[in-house]
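Each chain is listed here by its residues.
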Amino acid sequence: APVVPPREGKREVIELFNGKDLNGWVGHFKYWSVKDGVIIGKNISEIPVSTYLLTEKSYSDFRLTFDFKLAQSEMHSGIAMWGRVASERNDPATYAGHLVMFPSGHGFYDLYGRNMIHQNNDIAKDVSKQHDWNSYEILAQGNRIRFVINGKLVSDWREPEPDRIKAAPIGLQLHSNKQPQEVQWRNLKLETFPEDELLTVKADAAK
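Reading the values: rules and limits
Residues numbered from 1 in each chain as written. Predicted model: local features only at pLDDT ≥ 70, side-chain atom pairs only at ≥ 80, totals over all residues. Heavy atoms only, no water. Core = buried A, V, L, I, M, F, W, Y, C linked by side-chain atoms within 4.5 Å. Buried < 20%, exposed > 50% of the residue type's maximum accessible area, 1.4 Å probe, protein only. Helix = DSSP H or I, 4+ residues; strand = E, 2+ residues; numbered from the N terminus. Contact = heavy atoms within 4.5 Å. Polar contact = N/O pair within 3.5 Å; in protein donor to acceptor, adjacent residues only side chain to side chain. Pairing = 2+ DSSP bridges. Salt bridge = Lys/Arg side-chain N within 4 Å of Asp/Glu carboxyl O. Phe/Tyr/Trp six-rings, centres within 6.5 Å; stacked < 30°, edge-to-face > 60°. Lys NZ or Arg CZ within 6 Å of the ring centre and 35° of its normal.

Peer 1: Help me out: how do you make sense of the nonpolar core in this one?
Peer 2: Generally speaking, nonpolar side chains in soluble globular proteins are found buried as a group. Among the nonpolar cores identified, the biggest contains 40 residues, and Trp32, Ile39, Phe66 and Trp185 are the most heavily contacted of them. At the level of elements, β6 (62-72), β7 (77-85), β8 (95-102), β11 (134-141), β12 (144-149), β13 (152-158), β14 (171-174) and β15 (181-192) are the ones that each hand at least two residues to this core. In terms of residues, this core owes the most to one element, β6, which gives 5 residues. Contact partners of Trp32, with chain neighbours within four places excluded, come to Leu22, Ile39, Ile40, Gly41, Thr51, Tyr52, Leu53, Leu172, Gln173, Leu174, Val183 and Trp185. Tyr52, Ala93, Tyr95 and Leu111 belong to the second largest nonpolar core, which has 9 residues in total.

Peer 1: I would appreciate a short explanation of the side chain of Arg146 in the present structure.
Peer 2: Tracing the backbone shows Arg146 in strand β12. By relative accessible area, which is 8% here, Arg146 ends up buried. Of the polar contacts made by the side chain of Arg146, one reaches the side chain of Asp196; its length is 2.4 Å. Discounting residues that sit within four places of it in the chain, Arg146 has contacts with Glu137, Ile138, Leu139, Gln141, Leu153, Ser155, Asp156, Asp196 and Leu198.

Peer 1: Just checking my understanding: could you explain the sheet that holds strand β2 (residues 25-26) for this structure?
Peer 2: Hydrogen bonds between backbone atoms are what pair the strands of a sheet, whose relative direction is either parallel or antiparallel. Strand order in this open sheet of 7 strands is β2-β5-β14-β7-β8-β9-β10, and the pairing throughout is antiparallel. In this open sheet, the two strands that pair with only one neighbour each are β2 and β10 (115-118). Where β7 meets β8, 7 bridges bridge the pair, whose relative direction is antiparallel. Paired with Ser77 across the bridge in β8 is Phe102.

Peer 1: In this structure, what is going on with the pattern of salt bridges? I would like to understand it.
Peer 2: Opposite charge on two side chains makes pairing possible when the charged atoms of those side chains draw close. Overall, the coordinates contain 17 salt bridges when judged by the stated rule. Between Arg11 and Glu191 there is a salt bridge whose closest N-O contact spans 3.9 Å. Of this pair, Arg11 sits in the segment before β1 (12-14) while Glu191 sits in strand β15, and the two are 180 residues apart along the sequence. For Glu161, the salt bridge is made with Arg164, and the minimal N-O distance between the two is 2.8 Å. What makes Glu161 partly exposed here is its relative accessible area of 37%. Assessed through its relative accessible area of 31%, Arg164 is described here as partly exposed.

Peer 1: Looking at this structure, how should I read the pairing of strand β4 (residues 38-43)?
Peer 2: Looking along a regular strand, one sees side chains alternate from face to face of the sheet. Counting buried positions along β4 gives 5 out of 6 residues, so the element sits mostly inside the fold. Note: strand β3 (residues 32-35) against β4, 4 bridges, orientation antiparallel. Directly across from Trp32, in β4, lies its bridge partner Gly41. Count of turn residues in the β3/β4 antiparallel hairpin: 2 residues, of which Asp36 carries a positive phi of about 50 degrees. Pairing of β4 with β15, which is carried by 5 bridges, proceeds in the antiparallel orientation. When the sheet's bridge partners are listed, Ile39 is paired in β15 with Trp185.

Peer 1: I would appreciate a short explanation of the side chain of Thr55 in the present structure.
Peer 2: Relative to the assigned elements, Thr55 resides in strand β5 (residues 51-55). A distance of 2.7 Å separates the side chain of Thr55 from the backbone oxygen of Lys57, its partner in a polar contact. In contact with Thr55, other than residues within four places in its own chain, are Leu16, Gly24, Trp25, Pro169 and Ile170.

Peer 1: Just to check I follow, could you spell out the packing of aromatic side chains for this structure?
Peer 2: How two aromatic rings sit relative to each other is set out by the distance from centre to centre and by the angle between their planes. Scanning the entire structure with this criterion turns up 12 aromatic pairs. Between Tyr136 and Phe147 the ring centres are 5.6 Å apart and the planes differ by 0 degrees, which places this aromatic pair in the stacked class. Residue Tyr136 is located in strand β11, and its partner Phe147 is located in strand β12; the two are separated by 11 residues in the primary sequence. Neither Tyr136 nor Phe147 differs from the other in exposure class; each is buried. Taken together, the ring pairs in this structure connect Phe66, Phe68, Phe102, Phe108, Tyr136, Phe147, Trp157 and Trp185 into an aromatic cluster. Taking NZ or CZ as reference, Arg186 lies 3.8 Å from the ring centre of Trp133, over its face.

Below you can see the structure in the form of structure tokens.
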């Protein structure tokens, strides 16, 4: 893949989530709520098209750290980025672009595009917890995405078609599903135009 260097811009720490409400986010609030410092995405009836809680602002190069828990269902979730809101797909809060998938069926996916673009499940599944809190770091710079689960680097990948990358909202995924499901997020911290280093990798993370 070509090497696109990190973009230049102002480095700042953004409080994506204030811990109290969904100020700064857009989406179908019938699915999204906040309780005890946790963003909860939850459905009881069928979701025909994957839907997202989206940041109002757009980002290209960033570091995102957060904790995630799959509270109900076995369906994966993920972080959508580098794309666009794809309202022509029968949901004004669905997404076309890159998806970093977890806590099962790990990989990188191109939503409404090339489908699975990067496999990492063999390494990720050994450090991931299916129904407990996991800590994540996503470092997106240029056309490179590094992904850390619970202190272990599981992916260092470059987008082979960099023209697909756009500054875009970041989305939390509630996957299309016929089953009830619940996903939980906390401690979301975003840094724009970050240093080129991973902050959460532990030397002793499961080998």
